[in-house]
Amino acid sequence: MTADEKQLAIKLLKQGLETIQDRAYTEIAEIPTEDQDDFQVKYSFVHGGIEGIFTVIGKAAHAEQEDTEISFTLLSEFAEDSQYDGSVAAREQIDKDLVSAEGYLNTHINQG
């Protein structure tokens, strides 16, 4: 994945999370990664009085052929000091939101 593709993926992730009206996600910072096919972005989360910090980990999957489309898998990693660290419901909701954002990202990443 090129640097431009990585930046586009991060931009689309942010747009995908912004489409979710019931929760507030705020990008804190991009975290540098060693692997050119991965990206990490730290986000804060607020919903129903529960707030905290988590990291979105994006992993690119390339098909065997060079001219095929790129797709991403998004995972969450939670900060230990988050108020919702032990909240299964909050983690499940964030993971559901990431599935939605992943769909948005994968729909739009190959259109540019």
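Residues numbered from 1 in each chain as written. Predicted model: local features only at pLDDT ≥ 70, side-chain atom pairs only at ≥ 80, totals over all residues. Heavy atoms only, no water.

Novice: Explain the overall build of the protein to me, please; I cannot follow it from the model alone.
Specialist: Within the protein, the secondary structure is distributed over 2 helices and 4 strands. Ordered by position from N to C terminus, the α and β elements of the protein give α-β-β-β-β-α. Split into buried and exposed, the 112 residues of the protein put 34% on the buried side. Counting contacts in the protein only where the partners sit at least 6 residues apart, residues at least 24 apart contribute 47% of the total. (Helix = DSSP H or I, 4+ residues; strand = E, 2+ residues; numbered from the N terminus. Buried < 20%, exposed > 50% of the residue type's maximum accessible area, 1.4 Å probe, protein only. Contact = heavy atoms within 4.5 Å.)

Novice: What is the right way to look at the pairing of strand β2 (residues 38-47) in this model?
Specialist: Both faces of the sheet carry side chains from a regular strand, because those side chains alternate between them. Of the strand pairs in this sheet, strand β1 (residues 24-31) and β2 are connected by 7 bridges, and their pairing is antiparallel. Residue pairing for β2: Thr26 is matched across the bridge by Ser44. Counting the residues that bridge the hairpin from β1 to β2 gives 6 residues. (Pairing = 2+ DSSP bridges.)

Novice: Looking at this structure, how should I read the nonpolar core?
Specialist: A general feature of soluble globular proteins is that nonpolar side chains tend to end up buried together. Formed by 24 residues in total, the largest nonpolar core has its most connected members in Leu13, Phe39 and Phe72. Elements supplying a minimum of two residues to this core: α1 (3-18), β2, β3 (50-62), β4 (70-78) and α2 (88-108). If you tally residues by element for this core, the top one is α1, at 5 residues. Apart from the residues within four sequence positions on either side, Leu13 is in contact with Phe39, Val41, Tyr43, Val56, Leu74, Leu98 and Ala101. (Core = buried A, V, L, I, M, F, W, Y, C linked by side-chain atoms within 4.5 Å.)

Novice: Any chance you could explain the packing of α1 against α2 here in plain terms?
Specialist: The description of two packed helices rests on the angle between their axes and on the distance between the axes. The geometry of α1 relative to α2 is characterised by a closest axis approach of 8 Å and an angle of 130° between their N-to-C directions. On the basis of the axis angle, α1 is oblique to α2. For the pair α1 and α2, the crossing hand works out as right-handed. On α2, the residues that touch Ala9, Leu12, Leu13, Gln15, Gly16 and Leu17 of α1 are Asp97, Leu98, Ala101, Tyr104, Leu105 and His108. In terms of residue class, the contact of α1 with α2 is built from 8 nonpolar, 3 polar and 1 charged. (Axes fitted to C-alpha atoms, helices over the stretch in contact; angles between N-to-C directions. Parallel < 35°, antiparallel > 145°, perpendicular 65-115°, else oblique. Left-handed = near helix turned anticlockwise from the far one by under 90°. Nonpolar A, V, L, I, M, F, W, Y, C, P; charged D, E, K, R; others polar.)

Novice: Can you walk me through the packing of aromatic side chains in this structure?
Specialist: Two measures describe an aromatic ring pair: the distance that separates the ring centres and the angle between the ring planes. Scanning the entire structure with this criterion turns up 5 aromatic pairs. Arranged with centres 5.8 Å apart and planes meeting at 75°, the rings of Tyr25 and Phe54 form a pair that is edge-to-face. In this pair, Tyr25 is assigned in strand β1 and Phe54 in strand β3, connecting sequence segments 29 residues apart. Three or more aromatic residues joined by ring pairs form one cluster here, namely Tyr25, Tyr43, Phe45, Phe54 and Phe78. (Phe/Tyr/Trp six-rings, centres within 6.5 Å; stacked < 30°, edge-to-face > 60°.)

Novice: Help me out: how do you make sense of the side chain of Lys6 in this one?
Specialist: Its place among the elements puts Lys6 in helix α1. Nearest to the buried, unbridged Lys6 among oppositely charged side chains is Glu30, at 5.5 Å. Every residue in contact with Lys6, bar those within four places of it in the chain, is listed here: Met1, Glu30, Thr33, Asp35, Gln36, Asp38 and Phe39. (Lys, Arg positive; Asp, Glu negative; His and termini not counted. Salt bridge = Lys/Arg side-chain N within 4 Å of Asp/Glu carboxyl O.)

Novice: Whenever I open this one, the confidence of the model for the protein confuses me. Can you help?
Specialist: Interpretation of the predicted coordinates at a detailed level should be avoided for regions scoring low in pLDDT. Mean pLDDT over the protein stands at 84; residues scoring 70 or higher make up 87%. Model confidence for the protein, summarised as mean pLDDT per element, is weakest for β3 at 87 and strongest for β1 at 92. (pLDDT = per-residue confidence, 0-100.)

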